[in-house]
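Listed below, chain by chain, are the residues.
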Amino acid sequence: MQDKKKKIVFSGVQPTGALHLGNYLGAIKNFVDLQEDHDCLYCIVDLHAVTVWQNPNDLKSNILDVASIYLASGIDPKKSTIFVQSTVPYHSELSWILNCVTRIGWLNRMTQFKEKAGKNRENVSSGLYTYPNLMAADILLYFSDLVPVGDDQKQHLELTRDIAQKFNNDYSDFGGKDFFPIPNPIIMDESSRVMSLRDGTKKMSKSDPSAMSRIEFKDSNDLIVKKISKAKTDPLPIPNNVNDLETRPEVHNLISIFSSLAGLKITTVLNDYSGKQFSEFKKDLSDLLIENIEPIRDELIRLDNDHSFLLDILEKGTNEAMKRSSLNMKKIRDIVGLGY
Ligand code: AMP
Ligand code: TRP
């Protein structure tokens, strides 16, 4: 339920494949902590997913998987609104209006587009290009104040702020002055970018062809142990100061995963393990991962057998999001002069 005194938090995850430790530490863990004293909306952004072709059957099951992971990780539907983006049509409507606010030059600077399009720029969907406008629409539609995301989304958030500011300016004489709050990102420092277990210079990603590069929520304990024991390191011992991690991306990554899971500073972890063998560190890291992931995995299995519970939560989420966004959308149309 909306509480006027609380700050509004919005975030989303794409239903494009098995979620992993990067999504958990970079985003979802933060979602759970924020719900205690914020008014939170957590979305499953299926319209973003189709900017790249998705098999429709897989997309449907991935949507429910993300919803289950939200719940199993501790997002409480009594405190937060969980819903699927495409069930609230105002996201698309506002994104169209924002397409008309955002300048092409701004979109041309987006590094995620450049990375995703690669050399194939002429042949990717136009939705991939305007993707950040839809993301801005998600956030602004609810007048959100705070957006917890991983480091890779920082640039999109900066763009959202520019879009909000431009809208407020362009329509300042028509009720737009200070209309959209300028949202702030919340980015965790230690865990903002979890890297691949096979290559510490690449981020852990759903789209990496090797599942050994990432820890997934559904991994068994044995598989977690195996992935960590095979995780790339280097021949040097564990260092005793943070600067020495700079040139050792794989070791840096494992140490920062440990630090975020244990809630310890990187320096503390280094103090505990410097000079020790990687085998000992990896054993403790696997234990820590299992301690965190096992309860989530058990809950996922339970939810898998209770789809009606899940569907009920999503329906309630849609109703709440519809109620809030339809009021806001009416104000936006009115400011822009749409309709009659
Ligand atoms: P996506 O699945 O791409 O929609 O990402 C969902 C959330 O997880 C976003 O807030 C991302 O920034 C975050 N995220 C994805 N991959 C990583 C990663 N390797 N490290 C940290 N955060 C990540
Ligand atoms: N673009 C985000 C990602 O890939 C997902 C997303 C869509 C999002 N809409 C959002 C995140 C709104 C935060 C707020 O991770």
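Definitions and limits used
Residues numbered from 1 in each chain as written. Chains lettered and ligands numbered in written order. Predicted model: local features only at pLDDT ≥ 70, side-chain atom pairs only at ≥ 80, totals over all residues. Heavy atoms only, no water. Domains from an automatic or database assignment. Contact = heavy atoms within 4.5 Å. Buried area = accessible area lost by both parts, 1.4 Å probe. Salt bridge = Lys/Arg side-chain N within 4 Å of Asp/Glu carboxyl O. Phe/Tyr/Trp six-rings, centres within 6.5 Å; stacked < 30°, edge-to-face > 60°. Helix = DSSP H or I, 4+ residues; strand = E, 2+ residues; numbered from the N terminus. Lys NZ or Arg CZ within 6 Å of the ring centre and 35° of its normal. Near = heavy atom within 4 Å. Polar contact = N/O pair within 3.5 Å; in protein donor to acceptor, adjacent residues only side chain to side chain. Nonpolar A, V, L, I, M, F, W, Y, C, P; charged D, E, K, R; others polar.

Some thoughts on the domain arrangement of the chain
Here the chain is described as being made up of domain 1 (8-193 + 307-336) and domain 2 (218-302). Each of domain 1 and domain 2 has a C-alpha centre, and these two points are 30 Å apart. Taken together, the contact between domain 1 and domain 2 spans twelve residues of the former and 15 residues of the latter. The contact between domain 1 and domain 2 buries some 1000 Å² in all, and 66% of this surface belongs to carbon and sulfur atoms. Run the count over domain 1 and domain 2 and you get one salt bridge.

A few points about the packing of aromatic side chains
Tallied over the entire structure, the rule returns 17 aromatic pairs. Their ring planes at 20 degrees and their centres at 5.6 Å tell us that Phe-10 and Tyr-142 sit as a pair that is stacked. Placement of the pair is Phe-10 in strand 1 (residues 8-13) and Tyr-142 in the loop between helix 7 (126-141) and strand 4 (146-148), with a sequence separation of 132 residues. Each residue in the set Phe-143, Phe-167, Tyr-171, Phe-179 and Phe-180 is aromatic and connected to the rest through ring pairs, giving one cluster. The ring of Tyr-273 is capped by Lys-276, whose NZ or CZ atom sits 5.6 Å from the centre of that ring.

Quick look at the site of ligand 2
Taken together, 13 residues sit near ligand 2, with Gln-14, Tyr-131, Met-135, Asp-138 and Gln-153 positioned nearest. Between ligand 2 and the protein, one listed contact pairs a nitrogen atom with a side-chain N or O atom of Tyr-131 at 2.7 Å. Looking at the shell around ligand 2, the elements with two or more residues in it are strand 1 and helix 7. In terms of residues, the shell around ligand 2 owes the most to one element, helix 7, which gives four residues. Here the residues of the shell around ligand 2 are counted per class, giving seven nonpolar, five polar and one charged.

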